[in-house]
Amino acid sequence: MTPLPSRRQLLAATLALGTALAGGAAQAQTAPPLRVILPVGAGSGVDVIMRSAQNALSKALGGQPVVIENLPGAGGITGTQALVKAAPDGNTIAVVSNNHAVNPSVFKKMPYDSLHDITPISVVGGSPFVLVVNPAKVPARNAKELQALLKGKPDVYNYGSSGNGTIIHLAGEMFVDAAEVQVRHIPYKGMGPLISDVIGGQVEMGVAAVPAVQGHLKSGALRAIGVMGRQRVPSLPDVPTIAEQGFPDVDVAGWFAVIGPKGLPAAQVKRLHDAVVAAFADPEVKAAMAKQDNFINPSTPEAAGQYFRSEQERYARLVKKAGIALD
């Protein structure tokens, strides 16, 4: 029969366990923080998403602090360039969106290669876009009626975007191209001014992220013509997609993805990918994403790389057709 441990042995074991736990906690607290670069301004869609997941991501990384840094500018190039220059040690990542795949086609010069100077980690999910109009200026209630109205008055109506060469600009061009209409494009410096001017009637229509216009759709200040992606939005169940209204080539939503610097070791890619998946599976984060109408379906690193390439090719065709070019 094995003898029971003495009181002294029990005390020693307890002290050893406490020391080990304290050491582990101290190690987590003294670990370098994970720097999460967002190439967008505070309060934007991606910013809101990542701040909703910040605590869960830290928890998934074993308590490693997570610091979010907004570096907007040049359509996302400023922030992404900072990521490209960072050491591939697993302590710096960036969260990019569609503009990462758009920029190589709209800018004449790029300070990095969007495909080869990064390490894909995951395309995490996205936010739906909706085509909206000012109901006092535009009597159309669906995509076909809007097409007929615009065909009857070419170059009379305007659509606004959040800026030249942005994904919102390209989303508008996607509908214009599919409907074969002539509409003047008015670029704004951001989503806020765009929405204000559609409501005010300075421009008649525009594409916007669903969360940004939810309240205005409910109040009647704006009318939804259709969802720009393939799926209807849970919070707008009666608003059909543009595709199901007879324009099957219209398919665009705002996606967001996690990337690292070029040369990130496979072990770090796995660690960060697993942490991102765990963070967005957290019940509180899932609830926040559902409230914001975001859809979450994290991809593998390999699938993310393939997606970046296909998206870059798709937008290049649209940019060329629309004749968009920036210095």
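For clarity, every value in this text was computed on a predicted model and none was experimentally measured.

Draft legend 1. Focus on the sheet that holds strand S7 (residues 184-187). Spatially, five strands are ordered S7-S6-S8-S5-S9 in an open sheet, and the strand pairing comes out mixed. Both outer strands of the open sheet, S7 and strand S9 (223-227), are each paired with one neighbouring strand and no more. Put simply, the sheet's adjacent strands are angled 30° from each other on average, direction ignored. Looking at chain direction, strand S6 (residues 158-161) and strand S8 (residues 205-209) are connected through two bridges and run parallel. Following the sheet pairing, Tyr 159 is matched in S8 by Met 205. Sitting on the sheet, helix H7 (residues 191-200) touches strand S5 (129-133), S6 and S8, and the angle it makes with S8 is about 135°.

Draft legend 2. Summary view of the side chain of Thr 241. By the element assignment, Thr 241 lies in the loop between S9 and strand S10 (254-261). With relative accessibility at 2%, the residue Thr 241 sits in the buried group. If we skip the residues at most four places from it in the chain, Thr 241 touches Val 227, Gly 229, Arg 230, Gln 231 and Arg 232.

Draft legend 3. Local environment of the packing of aromatic side chains. Scanning all chains against the criterion turns up four aromatic pairs. With a centroid separation of 5.5 Å and an interplanar angle of 75°, the aromatic rings of Trp 255 and Tyr 307 are classed as edge-to-face. With Trp 255 in strand S10 and Tyr 307 in helix H11 (residues 301-322), this pair connects stretches of sequence that are 52 residues apart. Given a relative accessible area of 30%, Tyr 307 falls into the partly exposed group.

Draft legend 4. Seen up close, the pattern of salt bridges. With the rule as written, the count across this model stands at seven salt bridges. Glu 69 is the salt-bridge partner of Arg 35, the closest N and O atoms lying 2.6 Å from each other. Of this pair, Arg 35 sits in strand S1 (residues 34-38) while Glu 69 is found in strand S2 (residues 66-70), placing the two residues 34 residues apart along the sequence. In this structure Arg 35 comes out as partly exposed when scored by relative accessible area, which is 28%.

Draft legend 5. Here's a closer look at the nonpolar core. Among the nonpolar cores identified, the biggest contains 70 residues, and Phe 129, Leu 146, Phe 175, Met 228 and Ile 242 are the most heavily contacted of them. Ranked by residue count, the leading element in this core is helix H6 (residues 167-179), at eight residues. Sequence-distant contacts of Met 228, defined by excluding residues within four places in its chain, comprise Phe 129, Val 130, Leu 131, Ala 171, Phe 175, Val 207, Ile 242, Val 250, Asp 251 and Val 252. Among the nonpolar cores identified, the runner-up in size contains 28 residues, and Leu 61, Val 66, Leu 272 and Ala 288 belong to it.

Draft legend 6. Representation of unusual backbone geometry within the structure. Despite not being glycine, Asp 155 shows a phi value in the positive range, around 60°. As for its placement among the helices and strands, Asp 155 is situated in the loop between helix H5 (143-152) and S6. You can call Asp 155 partly exposed: its relative accessible area is 39%.

Draft legend 7. Representation of the sheet that holds S1 in the model. Strand order in this open sheet of six strands is S2-S1-S3-S10-S4-S11, and the pairing throughout is mixed. Each edge of the open sheet carries a strand with a single partner, namely S2 and strand S11 (295-296). Two elements, S1 and S2, share five bridges in a ladder whose sense is parallel. Counterpart to Leu 34 in the pairing with S2 is Val 66. Packing of helix H9 (residues 266-281) onto the sheet brings it into contact with S1, strand S3 (92-97), strand S4 (118-127), S10 and S11, and relative to S4 it is tilted by some 10°.

Draft legend 8. Region of the structure containing helix H2 (residues 45-60). Across its 16 residues, H2 extends 22 Å between first and last C-alpha, which sits within 8% of the 22 Å expected from 1.5 Å per residue. Along H2, the helix axis deviates most sharply at Gln 54, where the bend reaches about 45°. Within the sequence span of H2, burial applies to Val 46, Asp 47, Ile 49, Met 50, Ala 53, Ala 56, Leu 57 and Ser 58. Looking one or two places after H2, you find Gly 62, whose phi comes out positive at around 75°.

Criteria and cut-off values
- Residues numbered from 1 in each chain as written.
- Predicted model: local features only at pLDDT ≥ 70, side-chain atom pairs only at ≥ 80, totals over all residues.
- Heavy atoms only, no water.
- Pairing = 2+ DSSP bridges.
- Helix = DSSP H or I, 4+ residues; strand = E, 2+ residues; numbered from the N terminus.
- Axes fitted to C-alpha atoms, helices over the stretch in contact; angles between N-to-C directions.
- Contact = heavy atoms within 4.5 Å.
- Buried < 20%, exposed > 50% of the residue type's maximum accessible area, 1.4 Å probe, protein only.
- Phe/Tyr/Trp six-rings, centres within 6.5 Å; stacked < 30°, edge-to-face > 60°.
- Salt bridge = Lys/Arg side-chain N within 4 Å of Asp/Glu carboxyl O.
- Core = buried A, V, L, I, M, F, W, Y, C linked by side-chain atoms within 4.5 Å.
- Expected span 1.5 Å × (residues − 1).
- Bend = angle between axes of the 7 residues up to and from the residue.

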